[in-house]
Amino acid sequence: MIPAAFEYRRAASVDEAVALLAEGGEDAKLLAGGHSLLPLMKLRLARPSLLVDIDRAAGMRHIDERDGTLAIGALARHQDLATSDLLRARCPLLAHAASLVGDPQVRHRGTAGGSVAHADPASDLCAVLRCLDARMVVQGPAGRRTVAAADFFVGFLESALGADEVLVEILVPVPAAGHGWSYQKFTRRAIDWAIVGVAAVVEPSPEGIARAAVGLVNMGPTPLRAAAVEAALRGAPRTAVAAAAASAPEGTEPAADIHADAEFRAQLATVLTRRALEEALSRC
Ligand SMILES: Cc1cc2nc3c(=O)[nH]c(=O)nc-3n(C[C@H](O)[C@H](O)[C@H](O)COP(=O)(O)OP(=O)(O)OC[C@H]3O[C@@H](n4cnc5c(N)ncnc54)[C@H](O)[C@@H]3O)c2cc1C
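Model, not experiment: these values are computed from the prediction.

Engineer: Quick rundown of the site of the ligand? Include the residues and the values.
Structural biologist: Around the ligand, the surrounding shell holds 29 residues, and the nearest of these are Leu30, His35, Ser36, Thr111 and Asp124. In this structure, an oxygen atom belonging to the ligand sits 3.4 Å away from a main-chain N or O atom of Asp192. Considered on its own, the ligand offers 970 Å² of accessible surface; in the complex 90% of this is hidden by protein. When contributions to the shell around the ligand are tallied by element, the ones reaching two or more residues are strand S2 (28–31), helix H7 (112–118) and strand S10 (166–173). Residue contributions to the shell around the ligand peak at 4 residues, all from H7. Taken together, the residues that form the shell around the ligand break down as 13 nonpolar, 12 polar and 4 charged.

Engineer: So, the packing of aromatic side chains: which residues are in play, and what are the values?
Structural biologist: Within this structure, the stated rule accounts for 2 aromatic pairs. Between Phe152 and Phe153, the ring centres sit 5.2 Å apart and the planes meet at 80 degrees, which makes this aromatic pair edge-to-face. On the accessibility criterion, Phe153 (7% relative accessible area) is buried. The residue whose ring lies beneath Arg283 is Trp181, and the NZ or CZ to ring-centre distance is 3.8 Å.

Engineer: Give me the lowdown on the nonpolar core, citing residues and values where you can.
Structural biologist: Counting residues in hydrophobic clusters, the biggest one holds 57 residues, and the most contacted among them are Leu94, Met136 and Val172. At 6 residues, the largest contribution of residues to this core is made by helix H8 (residues 124–131). Ignoring anything within four residues of it in the chain, the contact list for Met136 reads Val116, Leu129, Arg145, Thr146, Val147, Ala149, Phe152, Phe153, Leu167, Glu169 and Ile170. Counting residues in hydrophobic clusters, the runner-up holds 27 residues, among them Ile195, Val196, Leu233 and Leu272.

Engineer: Run through the sheet that holds strand S1 (residues 7–10), naming residues and quoting values.
Structural biologist: Strand order in this open sheet of 3 strands is S1-S3-S2, and the pairing throughout is parallel. Single-partner strands in this sheet number two, and they are S1 and S2. For this sheet, the mean inter-axis angle between neighbouring strands, taken without regard to orientation, is 25 degrees. Pairing between S1 and strand S3 (residues 50–53): 4 bridges, direction parallel. Following the sheet pairing, Arg9 is matched in S3 by Val52.

Engineer: Talk me through the packing of helix H5 (residues 92–99) against H8; I want residue IDs and the actual numbers.
Structural biologist: With their axes 9 Å apart at the nearest point, H5 and H8 run at an angle of 170 degrees to one another. In terms of orientation, H5 lies roughly antiparallel with respect to H8. Here Leu93, Leu94, Ala97 and Ala98 of H5 lie close against H8, whose contacting residues are Asp124, Leu125, Val128, Leu129 and Cys131. Here the residues of the contact of H5 with H8 are counted per class, giving 8 nonpolar, no polar and 1 charged.

Engineer: Describe in detail the pairing of S2, supporting the description with residues and values.
Structural biologist: Alignment of S2 against S3, held across 4 bridges, turns out to be parallel. Across the sheet, the residue bridging to Leu30 is Val52, located in S3. Remark: the S2/helix H2 (residues 37–42)/S3 crossover connection has right-handed handedness.

Criteria and cut-off values
Residues numbered from 1 in each chain as written. Predicted model: local features only at pLDDT ≥ 70, side-chain atom pairs only at ≥ 80, totals over all residues. Heavy atoms only, no water. Near = heavy atom within 4 Å. Polar contact = N/O pair within 3.5 Å; in protein donor to acceptor, adjacent residues only side chain to side chain. Areas by Shrake-Rupley, 256 points an atom, 1.4 Å probe, with all protein chains shown as cover. Helix = DSSP H or I, 4+ residues; strand = E, 2+ residues; numbered from the N terminus. Nonpolar A, V, L, I, M, F, W, Y, C, P; charged D, E, K, R; others polar. Phe/Tyr/Trp six-rings, centres within 6.5 Å; stacked < 30°, edge-to-face > 60°. Buried < 20%, exposed > 50% of the residue type's maximum accessible area, 1.4 Å probe, protein only. Lys NZ or Arg CZ within 6 Å of the ring centre and 35° of its normal. Core = buried A, V, L, I, M, F, W, Y, C linked by side-chain atoms within 4.5 Å. Contact = heavy atoms within 4.5 Å. Pairing = 2+ DSSP bridges. Axes fitted to C-alpha atoms, helices over the stretch in contact; angles between N-to-C directions. Parallel < 35°, antiparallel > 145°, perpendicular 65-115°, else oblique. Right-handed = clockwise from strand over helix to strand, strands pointing away.

What follows is the structure, given as structure tokens:
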């Protein structure tokens, strides 16, 4: 449980972090809250030769709104999201999901950016951000670029981030006025990772449902959208929810592990999707 030797540098800004990553090459890694990277290093599953600590880098811990878009600095802690008055008012799904991450210590140390960059399909925030059509702003030696969440998560613990890039902020379009939302997280104990989780946003219409977005946690190697459910609910009456939820496992590849087999996860996805949609509709 002792990491391999590494060099340690602290970056005071995003620019400095990018420069240090370039200096360190392929084996350099950013360190934010350390709650995913350090356990991997202790198990020697990660052996970076250089750690670039961005924990105190300036200008990366904001949560604000610009022209209908919420901007969340990569260093914002889960606790910052959970207790943000702005998020609670404008995007309660995000604040609520952050409040369910791990335990108080994890929420006070772990960062939104670290969660996203780590790209764990079991992460609460990654699937919620997929559901919310978030975009990731990343900075590398060539400048900044923006990557849609749909393109950001490319494989198990694998993102579109280059080895020389820093995730700077996460942009989330403010959900439509009058929307309903829900996050259903199935765990054995309150502080655990999700065995399966479902995030839902519903936009109502006078006839029923105008549009629904559904994000799935731990139903494949990346955070997923339940595309079949969303298609079934476009312009549908509220009574269509249970039948639509039954298609939640379509297109997923749930893993089998010590917590659940694939069949149980598929069943959970169906049940949690129905519950999430019903709760979201009750909030419209
Ligand atoms: C006991 C425990 C329970 C947990 N439970 C949950 C849970 O229930 N739900 C959940 O979603 N998560 C859970 N987590 C994970 C937690 O959310 C972590 O905070 C998160 O996964 C990583 O954030 P971090 O800031 O600690 O990142 P770090 O560990 O510092 O970094 C993680 C990875 O991201 C990279 N990275 C970090 N920041 C950036 C950046 N700005 N740009 C580019 N790359 C970056 C690092 O190089 C590293 O590869 C748990 C963790 C622990 C230890």
